[in-house]
Amino acid sequence: MSSFNLSLSLRRVGATAAALLAPVVAFAQEAAPAAAEAVAATPVPDKGDTTWMLLSTILVLLMTLPGLALFYGGLVRAKNMLSVLMQVLMITAVVMIIWVTYGYSLTFTDGGSLNSFIGGFSKMFLAGVDTTTLAESFSKGVFIPEYVFVVFQMTFACITPALIVGAFAERIKFSAVMLFVILWVTFVYFPIAHMVWFWGGPSAYTAPTGLIFSFGAIDFAGGTVVHINAGIAGLVGAIMLGKRTGYKREIMAPHSMTLTMVGASLLWVGWFGFNAGSNLEANAYAALAMINTFLATAAAIVSWAVVETLVRGKASMLGAASGAVAGLVAVTPAAGFAGPMGAIVLGLAVSPVCYFFVDVVKNKFHYDDSLDVFGIHGVGGILGAIATGILVNPALGGAGIVDYSTADFAAGYAGTATQVLAQLKGVLVTVVWSGIGSAILFKVVDAIVGLRVSVEAEREGLDLSSHGEAAYHAS
């Protein structure tokens, strides 16, 4: 009897459980297709695009270390070689930490009421960024992992202040360099990068943008953000620090054109990541940026050599290396916009202009821009930024500017006057912001730690006086 009662009880429990679980089962059956649809709707980054951007990031780091370090190192005197290498290395390391702490957030998030000029703190310490978050490219619905976008843009933040040090090489305190860089990326670089590059992406193209972006100005890979920005800061620094001891009275020739050639070559190789990588995906626009990076640079090398031959009777290795960098700088904002023939024209045009500033203007106004940061990066960047507004014209072989409000994202052109005016406004804002901001920051740094080393330390060389070691030893 007890066995019968137990069996009956179990049957009742089973029936009750089945009744209670029926809605759960039904819900699970309904939820399963919905979950499957949600998974299917989640964008999946293309592995090819992701791989290309990882490689591009490494290439941009190669531009800085060892490319820029060796390029600058070869151009200074032997007694200052290590000081330049140390400055570039330490700038890179410090800015990497600043970038993930608050730089990425200030550059690529909405800044609310200040959004025209700077972002906010919503992604400070990379809050909300993980292996599942994505960043959209310039094609609607095409994404890369956000971590990839973070590190790619980080390398740009690293190389820009490193470019500046060439303007006042051989006479600035190491402590002054580091303090200035920390302040400069915070108050100058991050705001300019936000103003130029912050927007909602193709899927939210009507969202608020940075100020310069709102002008309609285009900058494919950093003509304003990197080169004009660094060039103007370098000019301000060179003027405020004053000339090197013995300038124009002593020989200050580069101590190793061999290293400068190696550095320039590494810069050119790395620049493919800089320009073609700025497309954020591996497609035809990346290929356009790549071929333009080849052609503009080649044309600028030839152009500088021709100018030098006509003016001085001989073409120099220093001139060819300078031409290479000038071409790379000029094509940076135009890389994904100009056509290949337009890139050649740009390369041919930039070298004579930069040569004039390096050889004539600098001597006329008596400022000591040690490694011609303003003469090449500043001037070349300005020329390239303005010329981009012309060369993007499809009638001149340019790619046009994508209109995301159209159904097929057609590329068009607003007209030369309209686009060049937008470019000029972007250049003007960058020059004013960088110029005034840099001057204030140099004053602040001078008040805290001082800018220049002593005359004795300068004559001894910064390698020994600032770092206690030498790049070379007599055998």
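Residues numbered from 1 in each chain as written. Predicted model: local features only at pLDDT ≥ 70, side-chain atom pairs only at ≥ 80, totals over all residues. Heavy atoms only, no water.

## Digging into the packing of helix H2 (residues 47-75) against helix H8 (residues 257-275)
Here's step 1: Running from N to C, H2 and H8 cross one another at 160°; their axes reach a closest spacing of 7 Å. Judged by the inter-axis angle, H2 sits roughly antiparallel to H8. Crossing geometry of H2 relative to H8 is assigned as left-handed.
Here's step 2: Tallied by class, the residues present in the contact of H2 with H8 amount to 20 nonpolar, seven polar and no charged. (Axes fitted to C-alpha atoms, helices over the stretch in contact; angles between N-to-C directions. Helix = DSSP H or I, 4+ residues; strand = E, 2+ residues; numbered from the N terminus. Parallel < 35°, antiparallel > 145°, perpendicular 65-115°, else oblique. Left-handed = near helix turned anticlockwise from the far one by under 90°. Nonpolar A, V, L, I, M, F, W, Y, C, P; charged D, E, K, R; others polar.)

## Quick look at the packing of aromatic side chains
Here's step 1: Overall, the coordinates contain 26 aromatic pairs when judged by the stated rule.
Here's step 2: For the pair Phe117 and Trp433, a centre-to-centre distance of 6.1 Å together with 15° between the ring planes defines the contact as stacked. With Phe117 in the loop between helix H3 (81-108) and strand E1 (134-136) and Trp433 in helix H13 (residues 416-448), the pair connects residues that are 316 residues apart, well separated along the chain.
Here's step 3: The class for Phe117 is partly exposed, based on a relative accessible area of 36%.
Here's step 4: Aromatic ring contacts, followed pair by pair, group Trp99, Tyr102, Tyr104, Phe108, Phe149, Trp184, Tyr189 and Phe190 into a single cluster.
Here's step 5: If you follow Lys425 out to its NZ or CZ, it ends over the ring of Phe215, 4.5 Å from the centre. (Phe/Tyr/Trp six-rings, centres within 6.5 Å; stacked < 30°, edge-to-face > 60°. Buried < 20%, exposed > 50% of the residue type's maximum accessible area, 1.4 Å probe, protein only. Lys NZ or Arg CZ within 6 Å of the ring centre and 35° of its normal.)

## Quick word on the side chain of Ser83
Here's step 1: Counting through the fold element by element, Ser83 comes out in helix H3.
Here's step 2: Here Ser83 is in contact with Leu462, Asp463 and His467, once residues within four sequence places are set aside. (Contact = heavy atoms within 4.5 Å.)

## Side note on the layout of surface pockets
Here's step 1: Size it by volume and the largest pocket reaches roughly 1,300 Å³.
Here's step 2: Along the walls of the largest pocket sit 49 residues, with Phe138, Trp197, Trp199, Phe213 and Tyr404 positioned nearest its centre.
Here's step 3: When residues of the lining of the largest pocket are traced back to their parent elements, those giving at least two are H3, E1, helix H4 (146-164), helix H5 (174-197), helix H6 (211-214) and strand E3 (401-402).
Here's step 4: For the lining of the largest pocket, the class distribution of residues is 28 nonpolar, 15 polar and six charged.
Here's step 5: In this structure, the second largest pocket is lined by 30 residues; those nearest its centre are Leu318, Val358, Lys362, Ser370 and Asp372.
Here's step 6: At the level of elements, H2, helix H9 (284-312), helix H10 (317-331), helix H11 (340-365) and helix H12 (373-391) are the ones that each hand at least two residues to the lining of the second largest pocket.
Here's step 7: Among the elements that take part in the lining of the second largest pocket, H11 stands out by supplying five residues, more than any other.
Here's step 8: Here the residues of the lining of the second largest pocket are counted per class, giving 14 nonpolar, six polar and ten charged. (1 Å grid on protein atoms, 1.4 Å probe; cavity = no way out; pocket = protein on both sides within 12 Å on 5 of 7 lines; lining within 4 Å. Points joined across faces, edges and corners; volume = space filled by probe spheres on them.)

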